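The primary structure of each chain is shown beneath.
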Amino acid sequence: MNDVTVTLVTDRVGLPELRQEWTDLLLDTARPSVFMSWEWMTTWLKEFRPGATPRVLMARRGPDGELVGLAPFYETTSYGPLAVRTLGFMGAGVGADHLAVLVRRGFETQTRAALAERLLADDRWDVLEFPRTEHETAQWLEGAVSASGRRLASISGTADVCPYIPLPGSWEEYLRTLRSDARKDLGRRWRRLREHGDVVIERVHTVDELDHAWSILLALHEKRRQVMGGRSAFTTGRALAFHRVFLQRAAERGWLRLYLMRVRDRYVAAEYCLSLGGKVADLQTGFDPEWSRFGVSTLLQGHSIQDAIAEGATEYDLLRGGEAYKQQRWAAALRSDKSLVVWKRRPQVIALIAARRWAGAAVAEFRRKWPGRRVPRTPDSDGPAAEGRVHAADI
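Reading the values: the criteria
- Residues numbered from 1 in each chain as written.
- Predicted model: local features only at pLDDT ≥ 70, side-chain atom pairs only at ≥ 80, totals over all residues.
- Heavy atoms only, no water.
- Helix = DSSP H or I, 4+ residues; strand = E, 2+ residues; numbered from the N terminus.
- Buried < 20%, exposed > 50% of the residue type's maximum accessible area, 1.4 Å probe, protein only.
- Contact = heavy atoms within 4.5 Å.
- Areas by Shrake-Rupley, 256 points an atom, 1.4 Å probe, with all protein chains shown as cover.
- Expected span 1.5 Å × (residues − 1).
- pLDDT = per-residue confidence, 0-100.
- Phe/Tyr/Trp six-rings, centres within 6.5 Å; stacked < 30°, edge-to-face > 60°.
- Lys NZ or Arg CZ within 6 Å of the ring centre and 35° of its normal.
- Core = buried A, V, L, I, M, F, W, Y, C linked by side-chain atoms within 4.5 Å.
- Salt bridge = Lys/Arg side-chain N within 4 Å of Asp/Glu carboxyl O.
- Arc of directions from axis to C-beta.
- Pairing = 2+ DSSP bridges.

Engineer: I'd like a rundown of the overall build of the protein chain, residues and numbers included.
Structural biologist: In terms of helices and strands, the protein chain carries eleven helices and 13 strands. Every one of the 395 residues in the protein chain was classed for burial, and the buried ones make up 51%. In the protein chain, once contacts between residues fewer than 6 apart in sequence are set aside, the share between residues at least 24 apart is 76%. Surface exposure of the protein chain reaches about 18,100 Å², of which carbon and sulfur atoms provide 49%.

See the structure below:
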């Protein structure tokens, strides 16, 4: 018998009261992620999507009301002649992967059934947009849509390949999993670098150290981009504001793993990681191109992996991007996130979906013809649900 009931939180004022329950639930899920934390989501609402309305589904079980499930959605409306209402995951667009519906271990079946029934019966949305969604959550949502019998359409596909390293109990054991040439290369790089002076790796521990470390991280990240090119959400105004605030919250909670490498008196590399529930996420890097021949970014990343093992972490997540070096250098395994879009078969919604798919195809063609050039911004390109739009690259 399903004794799970679902309620809805739409008031930002009520979100602070959920912090402890939310955290307890997160740590009792099959795969805790810092991107699904109360701190990540509420910081996102305030700094990245200040105009969005939270719609957080809370699943509770039994007479004591134990929290067994949570779906952190937000609602926006596309203004204009179509006025389409969109529901999507909070927390997207600032580097988060593996967005998910949180379900307490042991209560998966009944909790998901209750959440799906409430979500799909809700008449307040026209489109569901789930970018970079954890694979199991995406599969469950697709199954719920197919079984609902409602007039819904959907499209899904791989959002990105996400390499990760299952961590053993010791650094020495991990090194034995690497290819012999990769092990030798690490040793050779360290020897060459130390020939140029004392190498110091600083780890930021306190909030007081953040301003100094943050400025170095930003400077080195920008230098890295100048050499490697590519796009980075980390450099946009709202994303920067988000991470600056979240860094402080993460430091206060003991989740922050921010490393700086210095040779003599010069900072040459930076690594921004987050750790929660035994899972370390490697979010962002930066390095000085003048020192790239020594592999300073590789060495600092190796140090952060070694530090994670020493702390007892069970996984080091390299996040989105299936670059060959992640597997070849670090013996990473692979998983993938999915993008899923669901819409109601109403004329104005179908028209909007068609327009967005056309726009996504146009962006892809622009990038094919002019690689490296910035795509021209549209008036709403930084508006609600930008991360979750139906892009050709995502579906």
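Engineer: Break down unusual backbone geometry for me, citing the residues and quoting the values.
Structural biologist: The backbone phi angle of Arg264 is positive, close to 55°, even though this residue is not glycine. Even without being glycine, Ala331 reaches a positive phi, approximately 55°. Mapped onto the elements of the fold, Ala331 is located in the loop between helix 10 (324-330) and strand 13 (333-344).

Engineer: Can you lay out helix 9 (residues 296-310) for me, pointing to particular residues and giving the numbers?
Structural biologist: With 15 residues, helix 9 should reach 21 Å at 1.5 Å per residue; the first-to-last C-alpha distance of 21 Å fits that figure. When you tally the buried positions in helix 9, you get twelve out of 15 residues, the bulk of the element. Along helix 9, the positions that sit buried rather than exposed are Val296, Ser297, Thr298, Leu299, Leu300, Gln301, Gly302, Ser304, Ile305, Asp307, Ala308 and Ile309. Positive backbone phi, at 90°, marks Gly312, one or two positions downstream of helix 9.

Engineer: I'd like a rundown of the environment of Asp123, residues and numbers included.
Structural biologist: Note that Asp123 resides in the loop between helix 3 (108-121) and strand 6 (127-134). Considered as a pair, Asp123 and Arg85 are 38 residues apart in the sequence and their alpha carbons are 9.9 Å apart. Not counting the four nearest positions on each side in its chain, Asp123 is found in contact with Arg85, Lys344 and Arg346.

Engineer: Quick one: what's the story with the confidence of the model for the protein chain, residue by residue and with numbers?
Structural biologist: Averaged over all residues, the pLDDT of the protein chain is 87; the fraction at 70 or higher stands at 86%. Contacts for the low-pLDDT stretch residues 377-395, under 50 throughout, to residues beyond four places or in other chains number 49 contacts.

Engineer: Mind laying out the packing of aromatic side chains, listing which residues take part and the relevant values?
Structural biologist: A full pass over the atoms with the stated rule returns eleven aromatic pairs. Aromatic pair Trp171 and Tyr174: ring centres 5.6 Å apart, planes at 40°, arrangement tilted. Highlighted residues: Trp171 and Tyr174, both in helix 5 (residues 171-175), separated by three residues, approximately one helical turn. Look at Tyr174 and you get buried, because its relative accessible area is 1%. A ring pair is formed by Trp291 and Phe294, whose centres lie 5.5 Å apart and whose planes are at 40°; its orientation type is tilted. The class of Trp291 is buried, set by a relative accessible area of 8%. Put simply, the rings of Phe35, Trp40, Phe242 and Phe246 touch in pairs and so form one group of aromatic residues. Stacked on the ring of Tyr164, the Lys or Arg Arg335 has its end atom at 4.0 Å from the ring centre. A cation over a ring is seen here: Lys344 above Trp125, with NZ or CZ 4.2 Å from the ring centre.

Engineer: Quick rundown of the nonpolar core? Include the residues and the values.
Structural biologist: Counting 79 residues, the largest nonpolar core has Trp40, Phe73, Phe246, Leu256, Tyr272 and Leu274 as the members making the most contacts within it. Other than its neighbours up to four places away in sequence, Phe246 contacts Val34, Ser37, Glu39, Trp40, Thr43, Trp255, Tyr272 and Leu274. One finds Val263, Val280, Ile305 and Ala332 within the second-largest nonpolar core, a separate group that totals 30 residues.

Engineer: Give me the pattern of salt bridges: which residues, what numbers.
Structural biologist: Under the counting rule described, the total for this entry stands at 30 salt bridges. Note that Arg60 is salt-bridged to Glu21, the shortest N-O span being 2.7 Å. Note that Arg60 is positioned in strand 2 (residues 53-61) and Glu21 in helix 1 (residues 19-27), a separation of 39 residues in sequence.

Engineer: Can you explain the environment of Leu186? Please cite residues and give values.
Structural biologist: Inspection of the secondary structure assignment puts Leu186 in helix 6 (residues 180-194). Those residues within four positions of Leu186 in sequence are excluded, and the remaining contacts are Leu178, Thr298, Leu299 and Trp330.

Engineer: Outline helix 6, listing residues and values.
Structural biologist: For helix 6, with 15 residues, the first-to-last C-alpha span of 22 Å sits near the 21 Å given by 1.5 Å per residue. Restricting attention to buried positions, one finds in helix 6 the residues Ala182, Asp185, Leu186, Arg189, Trp190 and Leu193. Buried residues of helix 6, viewed axially, fall in a sector of 130°; they line one side. Exposed and oriented more than 90 degrees from the buried face of helix 6 are Lys184, Arg191 and Arg194. Turning to helix 6, the residues buried within the fold contact strand 8 (199-204), strand 9 (256-263), helix 9 and helix 10.

Engineer: How would you explain the pairing of strand 6 if you had to name every residue and give the values?
Structural biologist: Consecutive side chains along a regular strand alternate between the two faces of the sheet. With respect to burial, strand 6 is a largely interior element, eight of its eight residues being buried. Where strand 4 (residues 84-89) and strand 6 come together, three bridges link them in parallel fashion. Paired with Gly88 across the strands is Glu129, a residue of strand 6. Pairing of strand 6 with strand 13 involves six bridges; the strand directions are antiparallel. By the bridge assignment for strand 13, Glu134 is matched with Asp337.

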